[in-house]
Each structure stands twice: as C-alpha cells, then as structure tokens.
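Here are the chains, one letter per residue:
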Amino acid sequence: LVNHFKSQSGGGGQKRRRQATKVREIVDGLVQQGKHVVVLGDLNEGPPPASGHAPNLAPLYNNSPLIECYSLNGFDVGERPGTYDSCGLRNRLDYIFLSNSLQPSFSRGALFRKGLWGSRKTRPDDWPTYNEMTESVEQASDHAAVYVELNI
C-alpha cells in the first residue's frame, strides 16, 4: 500500500490521522485474509523528540499487525535518524511498515541519502552524496530513499 499523506504545509495533522486510520482499516482486512502487507511512503510526520512515534500516525502503531522498519533489528539509519532535509528525527517523514507475517523475512534495510542535498547551501557532511551533485537543485529528491530487503 503506497501512500503520500497530507503535507505539513498549512497543517494537515487531522487529515494525516484520518489517512492513517483508513490505511489501518485496509491493513486489518488484508491481514484477516491471511495476506502479507507492506505500507510505505511519505507519511509526512516525524516523531517528537520525547516520544516513540508521530502522534497522527498512531493508528499504524497501536495494537497493530504492522511493524515499522526503524524498529527492525538490522535496519540502518546511518548518521542521522530522519529522511527529509537535515534528516533530524522530526524530519523522519518516510516509512515502511511490514505486517508481522513478513518480519521473519526481513534481512536488512537502510536509508539511502546519496541523492539528497536538502535545503542547505553547501554539500551535506552528515552523509555521503553523489560527487556529481554540486548544489541542491541537482538532488534526486528532498527525501532520502527508504528500503528493506525481504527473503521471500
């Protein structure tokens, strides 16, 4: 289930919660049918520094048949915990959730930032970038790629 939740521009928190609730309803139905499920995308909300997950994404976490990629043993975030711009924890906007049935198939995963420059004027020094990039307009995206590898 590929998603792009409402951006943070102009608010959007309540809409992201509604989106997360609907995704969870779909997930629950698929899991009840015995399906493996992957939920991924730009969910546009990072966790606050003092808590475990983004508040409006709670339906994907609470008593959920899903596990977030960042909590999987062997998932590598590198030097920074986030996926957007400066890649701080509040900028962890991109996610992959696996149904619990897929967790045994997880072999590894990571954040890939080589195509990410962010909004800064100079080359990021917290992660390696492609040498060919010399300014932000050349970045592949303003979000890092998130990936998992499954042995299925």
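Residues numbered from 1 in each chain as written. Predicted model: local features only at pLDDT ≥ 70, side-chain atom pairs only at ≥ 80, totals over all residues. Heavy atoms only, no water.

Caption draft 1: A look at the sheet that holds strand β2 (residues 38-42). Pairing within the open sheet is mixed, and its four strands lie in the order β1-β2-β5-β3. Each of the sheet's edge strands pairs with one partner strand only, and the pair in question is β1 (2-4) and β3 (66-68). Pairwise comparison of adjacent strand axes, ignoring direction, gives a mean angle of 25° for this sheet. Of the pairings in the sheet, the one linking β2 to strand β5 (residues 94-99) comprises five bridges and is antiparallel in character. Of the residues in β5, the one forming a bridge with Leu40 is Ile96. (Pairing = 2+ DSSP bridges. Helix = DSSP H or I, 4+ residues; strand = E, 2+ residues; numbered from the N terminus. Axes fitted to C-alpha atoms, helices over the stretch in contact; angles between N-to-C directions.)

Caption draft 2: Main features of the side chain of Thr129. Within the secondary structure layout, Thr129 lies in the loop between β6 (106-112) and β7 (145-150). Its relative accessible area of 9% is what places Thr129 among the buried residues. For Thr129, the side chain forms a polar contact with the side chain of Arg123, separated by 2.6 Å. Not counting residues within four places of it along the chain, the set of residues in contact with Thr129 comprises Arg113, Lys114, Leu116, Arg123 and Pro124. (Buried < 20%, exposed > 50% of the residue type's maximum accessible area, 1.4 Å probe, protein only. Polar contact = N/O pair within 3.5 Å; in protein donor to acceptor, adjacent residues only side chain to side chain. Contact = heavy atoms within 4.5 Å.)

Caption draft 3: Looking closely at the pairing of β5. Of all six residues making up β5, six are buried, and the element is well covered by its neighbours. Neither face of β5 is exposed, since Asp94, Ile96 and Leu98 on one face and Tyr95, Phe97 and Ser99 on the opposite face are all buried. Looking at chain direction, β3 and β5 are connected through three bridges and run antiparallel. Paired with Glu68 across the bridge in β5 is Phe97.

Worth remembering: the numbers are spatial, not functional.
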